[in-house]
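This is what each chain is made of:
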Amino acid sequence: MATVNLTADNFDEVAQGDGIVLVDFWASWCGPCRQFAPVYEKSSGKHDDIVFGKVDTEAQPELSERFRIASIPTLMAIRDGVIVFAEPGALPEPVLENVIEQVRGLDMDDVRDRMQS
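Quick look at the structure, then. (Residues numbered from 1 in each chain as written. Predicted model: local features only at pLDDT ≥ 70, side-chain atom pairs only at ≥ 80, totals over all residues. Heavy atoms only, no water.)

### With respect to the overall build of the protein chain
Here's step 1: Scanning the protein chain from terminus to terminus reveals five helices and five strands.
Here's step 2: In the protein chain, the succession of α and β elements from N to C terminus is β-α-β-α-β-α-β-β-α-α.
Here's step 3: Taking 117 residues into account, the globule formula puts the C-alpha radius of gyration at 13 Å, and the protein chain, at 14 Å, falls close to it.
Here's step 4: Along the longest, intermediate and shortest principal axes, the C-alpha atoms of the protein chain span 40 × 30 × 25 Å. (Helix = DSSP H or I, 4+ residues; strand = E, 2+ residues; numbered from the N terminus. Rg over C-alpha atoms; globule rule 2.2 N^0.38 Å.)

And the structure:
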């Protein structure tokens, strides 16, 4: 599946649905972002059940501010409308795949219970 360009107009619609959404916050001038991009694209081709989105922080500063993105690239994982992971840094492919498997394995009822506590 191709990556989806996320903007202030479509972010909530994409992120608040069921399933897993991965979001790459990036900028064209960012060297580590350019290093991570092919890893992210390759992973998107392996996981048809996951939405892979990209937020250009230069074009979408309001999203960067909303999620307090202080360093790029930052990878955010959202499952069933809940942010379950957000970390800066260009991840190597095995680490990205591990994050995906951990997000898949989450007990979302338990996650929601913990959020309420």
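### Focus on the nonpolar core
Here's step 1: Grouped together as the largest cluster of nonpolar side chains are 16 residues, with contacts concentrated most on Phe-11, Val-23, Phe-25, Val-55, Phe-67, Ile-72 and Ile-78.
Here's step 2: Element by element, the count of residues in this core is highest for strand S2 (residues 20-26), at three residues.
Here's step 3: When near neighbours in sequence (up to four residues on either side) are disregarded, Ile-72 contacts Phe-25, Trp-26, Ala-27, Trp-29, Cys-30, Cys-33 and Thr-57.
Here's step 4: Counting residues in each nonpolar core, the second largest holds 13 residues, with Phe-36, Phe-52, Leu-91 and Leu-96 among its members. (Core = buried A, V, L, I, M, F, W, Y, C linked by side-chain atoms within 4.5 Å. Buried < 20%, exposed > 50% of the residue type's maximum accessible area, 1.4 Å probe, protein only. Contact = heavy atoms within 4.5 Å.)

### A closer look at the packing of aromatic side chains
Aromatic rings in a pair are described by how distant their centres are and how their planes are angled relative to each other.
Here's step 1: The tally for this structure, following the rule as stated, stands at four aromatic pairs.
Here's step 2: Seen from their ring centres, Phe-11 and Phe-67 are 5.0 Å apart, and the 45° between their planes marks the pair as tilted. A residue pair is termed long-range when its members are at least 10 positions apart, and Phe-11 in helix H1 (residues 11-15) and Phe-67 in the loop between helix H3 (61-66) and strand S4 (74-79) qualify at 56 residues. Here the two residues Phe-11 and Phe-67 agree in accessibility, since each one is buried. (Phe/Tyr/Trp six-rings, centres within 6.5 Å; stacked < 30°, edge-to-face > 60°.)

### Examining helix H4 (residues 93-104)
Here's step 1: Over its 12 residues, H4 runs 17 Å from end to end, which matches the ideal 16 Å to within 8%, given 1.5 Å per residue.
Here's step 2: Lining the buried residues of H4 we find S2, helix H2 (31-46), strand S3 (50-56), S4 and strand S5 (82-88). (Expected span 1.5 Å × (residues − 1).)

### Overview of the state of the cysteines
Here's step 1: The tally for this structure, following the rule as stated, stands at one disulfide.
Here's step 2: For Cys-30, the disulfide goes to Cys-33, at an S-S distance of 2.4 Å. Across the disulfide from Cys-30 to Cys-33, rotation about the S-S bond amounts to roughly 80°, and the bridge is consequently right-handed. By the burial criterion, Cys-30 is buried, and Cys-33 matches it. (Disulfide = S-S within 2.5 Å.)

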